[in-house]
There are 2 protein chains.
Amino acid sequence: MPTDSPSSSSLLTPLAAIDAFCRQILTAAGADHATAEAATRGMIHGSRHGIDSHGVRLLAHYVKGLVEGRLNPSPKLALATAFGAVASLDADNAHGALATYTAMTHATRLAGEFGIGSVAIRNSSHFGPAGAYAIDAAEHGFIGFAFCNSDSFVRLHDGAMRFHGTNPIACAVPVRGQNPWLFDMATSAVPYNRVQLYRSLGRELPAGVASDERGYDTRNPEVADMLAPLGGEFGFKGAGLAGICEILSAVLTGMKLSFDIAPMPGPDFSTPRGLGAFVIALKPGAFVDIDTFDAAMTRYLDTLRSSPAREGFNVMAPGDREWKVAVHREKEGIELDPATVESFRALGSTYGVNSPV
Amino acid sequence: MPTDSPSSSSLLTPLAAIDAFCRQILTAAGADHATAEAATRGMIHGSRHGIDSHGVRLLAHYVKGLVEGRLNPSPKLALATAFGAVASLDADNAHGALATYTAMTHATRLAGEFGIGSVAIRNSSHFGPAGAYAIDAAEHGFIGFAFCNSDSFVRLHDGAMRFHGTNPIACAVPVRGQNPWLFDMATSAVPYNRVQLYRSLGRELPAGVASDERGYDTRNPEVADMLAPLGGEFGFKGAGLAGICEILSAVLTGMKLSFDIAPMPGPDFSTPRGLGAFVIALKPGAFVDIDTFDAAMTRYLDTLRSSPAREGFNVMAPGDREWKVAVHREKEGIELDPATVESFRALGSTYGVNSPV
């Protein structure tokens, strides 16, 4: 959860300026219009909603991939197979945001025709925040699911090896007259950057979220070698959910299993990483009268938001926190972290574009 | 994990005898052939695989529902809507196993034609183990998902009210030449019967799995009033997963939200409970060459099963534990718990059928 304190207001940068800068830099780095547009949209989804780990801090990372060859700056996306309400999209090593927005658009088209649609994505790359694609479906009136796998960081239940990636599951559901219900979770106990953050802060990790290289729990971020699957003592649940992501994103696409994927931070930035991903869209009105659906969704959320909480706490629906951050940031702008500020200035200098910070 | 110790071998009852008894009793209680068949098949899936909470201990519960009117003993199942690759099945207050097997059979038919198929189930009832329906898809060569919601037992993250049911997610995936990958989880930290078990044993609960009526964690099973969502400190993940089940099973079907569902144990056994459920089937060969799929699934599982474990532990794929129990129980039979033995004898006496125990 970001904290944009009043005292830091002078450091806030408008979202629109950051958005424009990302597009200009990506374009200057060789990305075609569709790539610059999709990659920026994905990152801005993260930064707007407070998911900073998957926001514009990734710009320099993506530029490196575009320049050195990991990412195709002008890919030719094409359906590899198409069968009724499903398809396999060959993304030609596109930026993952372009691949996944394209896949979700096709999935919603299929769902419009068949009630449900699903697209397996091949030859994709890091797609940033999974919720960005689920919400794209919800904003068009569909229930959207997005899954991917990624390079290994997470042990199995009782395991002592980095086996699965943090393999996220995102789902968004349209709510009439309101922002969508928006759920986006890693199937690991915490994201890996939490370990990195606690390392830099010299703080103890929460219990049961990371393990040493023998697979034993550790609260020392310095010896944390892998993440635990979601669930603690019941980590077989997190590991099984990661398995669903793995099977849909890698097995059903013929792409790389997490333990075969080259590390995101390199050193190799010239070889495409062979990532898969998977999206599903459902058309509510194909299952039930749309007024019934809308009324039930509203009643579910109203009841949830007004339900009793533990003293001193309040209850939120998935996405409520993100929408609140979005309102704030759209109005006030974002305080970028020092490393991102530095990378923006360096990119601006390299490509002759004025950095907004 | 059941323990059928050698010393109890004289109490083991063959699965076939239990299966036959369930069918005879259900039929004697008024169930039509399809209901007796499906309800028995669902319960035997639970008992065969060691999921005893959802096994034949439910027989007396289902008989009460059939006799008193909660369940329709001779339902007329019909598609309420059908649109491309999806449908809504009105189960006419059937036993949940009949409703869900019927829905999954239709979903696999749709997936065979469209690559994916999905069925929302209306006017259903308690369906027992969710994995039974996912595996039905996998045994026919499809990836299967099954979801349902149920009467409220689980608080929200930071919540202090029984809000969601234990809302399970099940997924099964075919593996060439092997048993399917089989994943079946409650989205609560533990099942409610774990609390009941620990209460009867006078044991402390694990930390973070149950709360008192104000929503605070308790390890005392006597004061445990509700379950925690999966994830402990990150319980918003378990609550969000429960939300997916709720939206698919209740909102997308127009059926009851968990907090509106009458309690499973009564006292009212005469009114249908208005439960929904949801199934999805995917045809692997519609997304990727089937040999590629089979090879990747095998490599994934081989690597998983041979991956390093914490000292003294071993790593298992979802379902491995269940398949192992199944082999044992198919050969040796099952040791039924005392309450189930007693209920079998009472049912046998009521309906003039010899109890196998």
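The rules behind each value
- Residues numbered from 1 in each chain as written.
- Chains lettered and ligands numbered in written order.
- Predicted model: local features only at pLDDT ≥ 70, side-chain atom pairs only at ≥ 80, totals over all residues.
- Heavy atoms only, no water.
- Axes fitted to C-alpha atoms, helices over the stretch in contact; angles between N-to-C directions.
- Helix = DSSP H or I, 4+ residues; strand = E, 2+ residues; numbered from the N terminus.
- Left-handed = near helix turned anticlockwise from the far one by under 90°.
- Contact = heavy atoms within 4.5 Å.
- Nonpolar A, V, L, I, M, F, W, Y, C, P; charged D, E, K, R; others polar.
- Buried area = accessible area lost by both parts, 1.4 Å probe.
- Salt bridge = Lys/Arg side-chain N within 4 Å of Asp/Glu carboxyl O.
- Polar contact = N/O pair within 3.5 Å; in protein donor to acceptor, adjacent residues only side chain to side chain.
- 1 Å grid on protein atoms, 1.4 Å probe; cavity = no way out; pocket = protein on both sides within 12 Å on 5 of 7 lines; lining within 4 Å.
- Points joined across faces, edges and corners; volume = space filled by probe spheres on them.
- Least-squares fit on C-alpha atoms with pLDDT ≥ 70 in both.
- Pairing = 2+ DSSP bridges.
- pLDDT = per-residue confidence, 0-100.
- Core = buried A, V, L, I, M, F, W, Y, C linked by side-chain atoms within 4.5 Å.
- Buried < 20%, exposed > 50% of the residue type's maximum accessible area, 1.4 Å probe, protein only.
- Phe/Tyr/Trp six-rings, centres within 6.5 Å; stacked < 30°, edge-to-face > 60°.
- Lys NZ or Arg CZ within 6 Å of the ring centre and 35° of its normal.
- Right-handed = clockwise from strand over helix to strand, strands pointing away.

(A) Structural context of the packing of helix α1 (residues 15–28) of chain A against helix α2 (residues 33–48) of chain A. All names here are of chain A. One way to put it is that α1 packs onto α2 with a least axis distance of 9 Å and a crossing angle of 145°. Once α1 is placed against α2, the crossing between them reads as right-handed. When α1 is examined against α2, the residues Leu15, Ile18, Asp19, Cys22, Arg23, Leu26 and Thr27 are found in contact with a partner set consisting of Ala36, Glu37, Ala39, Thr40, Met43, Ile44 and Arg48. Looking at the contact of α1 with α2 residue by residue, the class counts come to eight nonpolar, two polar and four charged.

(B) How the structure looks around the interface of chain B and chain A. Taken together, the 85 residues of chain B in the interface contact 85 residues of chain A. Taken together, the two surfaces of chain B and chain A that pack against each other cover about 6700 Å², and 75% of this comes from carbon and sulfur. Summed over the shared surface of chain B and chain A, the number is four salt bridges. Its salt-bridge partner being aspartate 260 of chain B, residue arginine 299 of chain A comes within 2.4 Å of it at the nearest N-O pair. In this assembly, chain B and chain A are joined by 16 residue pairs in polar contact (both at pLDDT 80 or more). The biggest single contributor to the side of chain B that touches chain A is helix α7 (residues 235–251) of chain B, with ten residues. Of the residues contributing to the side of chain B that touches chain A, the split by class is 53 nonpolar, 20 polar and twelve charged.

(C) Empty space enclosed by the protein, seen in detail. Using the criterion set out here, one finds three cavities of 30 Å³ or more in the structure. Space inside the largest cavity adds up to approximately 160 Å³. Around the largest cavity, the lining residues are Phe145, Phe147, Ile169, Leu241, Ile244 and Ile280 of chain A together with Phe145, Phe147, Ile169, Leu241, Ile244 and Ile280 of chain B. Only β5 (143–148) and α7 (235–251) of chain A together with β5 (143–148) and α7 of chain B provide two or more residues apiece to the lining of the largest cavity. Here the residues of the lining of the largest cavity are counted per class, giving twelve nonpolar, no polar and no charged.

(D) Representation of the relation of the copies chain B and chain A within the structure. Expressed as a screw transformation, the operator carrying chain B onto chain A has a rotation angle of 180° and an axial translation of 0.0 Å, and the superposed copies differ by an RMSD of 0.0 Å. The superposition operator between the copies reduces to a two-fold rotation axis. Considering only C-alpha atoms, the residue of chain B closest to the rotation axis is glycine 231 of chain B, which sits at 2.3 Å. Comparing contact sets, 100% of the residues at the interface of chain B also lie at the interface in chain A, consistent with an isologous, same-surface contact.

(E) Inspection of the packing of helix α8 (residues 290–305) of chain A against α7 of chain B at higher detail. Running from amino to carboxyl end, α8 of chain A crosses α7 of chain B at an angle of 145°, the nearest separation of the two axes being 10 Å. Our pair here, α8 of chain A against α7 of chain B, has a crossing hand that is right-handed. Counted together, Phe293, Ala296, Met297 and Tyr300 of chain A of α8 of chain A and Gly243, Glu246, Ile247 and Val251 of chain B of α7 of chain B form the full contact between these two elements.

(F) A look at the sheet that holds strand β7 (residues 181–186) of chain B. Residue and element names in this part refer to chain B. With respect to topology, seven strands assemble into an open sheet ordered β2-β3-β4-β10-β5-β6-β7, the strand pairing being mixed. Unpaired on one side and paired on the other, β2 (78–83) and β7 mark the two borders of the sheet. The sheet shows a mean angle of 15° between the axes of neighbouring strands, direction not considered. With six bridges connecting them, strand β6 (residues 168–173) and β7 associate as antiparallel partners. Bridging from a neighbouring strand, alanine 172 pairs with leucine 182 of β7. In the packing of helix α5 (residues 131–139) onto the sheet, contacts are made with β5, β6 and β7, and the angle to β6 comes to roughly 20°.

(G) Local environment of the confidence of the model for chain A. Residue and element names in this part refer to chain A. Looking at chain A as a whole, its pLDDT mean stands at 95, while 97% of the residues score no less than 70. Taken as a whole, residues 1–9 scores under 50 in pLDDT and shows 13 contacts with residues more than four places along the chain or in a different chain. Among the scores for the predicted complex, ipTM is 0.96 and pTM is 0.96.

(H) Examining the nonpolar core more closely. One finds Trp181 and Tyr300 of chain A together with Trp181 and Tyr300 of chain B to be the most contacted residues of the largest nonpolar core, which totals 182 residues. Leave out the neighbours within four places in its chain, and tryptophan 181 of chain A touches Cys171, Ala172, Val173, Val175, Met297, Tyr300, Leu301 and Pro318 of chain A together with Gly240, Gly243, Ile244 and Ile247 of chain B.

(I) Inspection of the pairing of strand β2 (residues 78–83) of chain A at higher detail. Residues and elements named next belong to chain A. By the bridge criterion, five bridges tie β2 to strand β3 (residues 86–90) in an arrangement that is antiparallel. Bridge pairing links threonine 81 to serine 88 in β3. Linking β2 to β3, which pair antiparallel, is a turn of two residues; within it glycine 84 sits at a positive phi near 60°.

(J) Spatial organisation of the environment of cysteine 171 of chain B. Relative to the helices and strands, cysteine 171 of chain B resides in strand β6. With a relative accessible area of 2%, cysteine 171 of chain B lands in the buried category. Sequence separation between cysteine 171 of chain B and alanine 31 of chain B is 140 residues; the distance between their C-alpha atoms is 29 Å. The contacts of cysteine 171 of chain B, once residues within four sequence positions are left out, are Ile244 of chain A together with Ala134, Ile143, Gly144, Phe145, Trp181, Leu182 and Phe183 of chain B.

(K) Main features of the packing of aromatic side chains. Enumeration over the complete set of coordinates arrives at 21 aromatic pairs over all chains. Where phenylalanine 147 of chain A meets phenylalanine 278 of chain A, the ring centres are 6.5 Å apart and the plane angle is 55°; that geometry is what we call tilted. With phenylalanine 147 of chain A in strand β5 and phenylalanine 278 of chain A in strand β10 (residues 275–282), the pair connects residues that are 131 residues apart, well separated along the chain. Both residues of the pair, phenylalanine 147 of chain A and phenylalanine 278 of chain A, belong to the buried class. Where phenylalanine 21 of chain B meets phenylalanine 344 of chain B, the ring centres are 4.8 Å apart and the plane angle is 35°; that geometry is what we call tilted. Within this pair, whereas phenylalanine 21 of chain B is found in helix α1 (residues 15–28), its partner phenylalanine 344 of chain B is found in helix α10 (residues 338–351), the two being separated by 323 residues in sequence. Comparing phenylalanine 21 of chain B with phenylalanine 344 of chain B, the two get one shared label, buried. An aromatic cluster is defined as three or more aromatic residues linked by ring pairs; in this entry it consists of Phe145, Phe147 and Phe278 of chain A together with Phe287 of chain B. Note that lysine 64 of chain A overlies the ring of phenylalanine 269 of chain A, its terminal NZ or CZ placed 5.0 Å from the centroid.

(L) Examining the pairing of β3 of chain A more closely. Residue and element names in this part refer to chain A. For β3, the tally of buried residues reaches four of five residues, placing the bulk of the element in the interior. The pairing of β3 with strand β4 (residues 116–124) spans five bridges and is classified as parallel. Each bridged residue has a counterpart across the sheet, and for valine 86 the counterpart in β4 is serine 118. Regarding topology, helix α4 (residues 96–114) serves as the crossover connection from β3 to the parallel β4, and that connection is right-handed.

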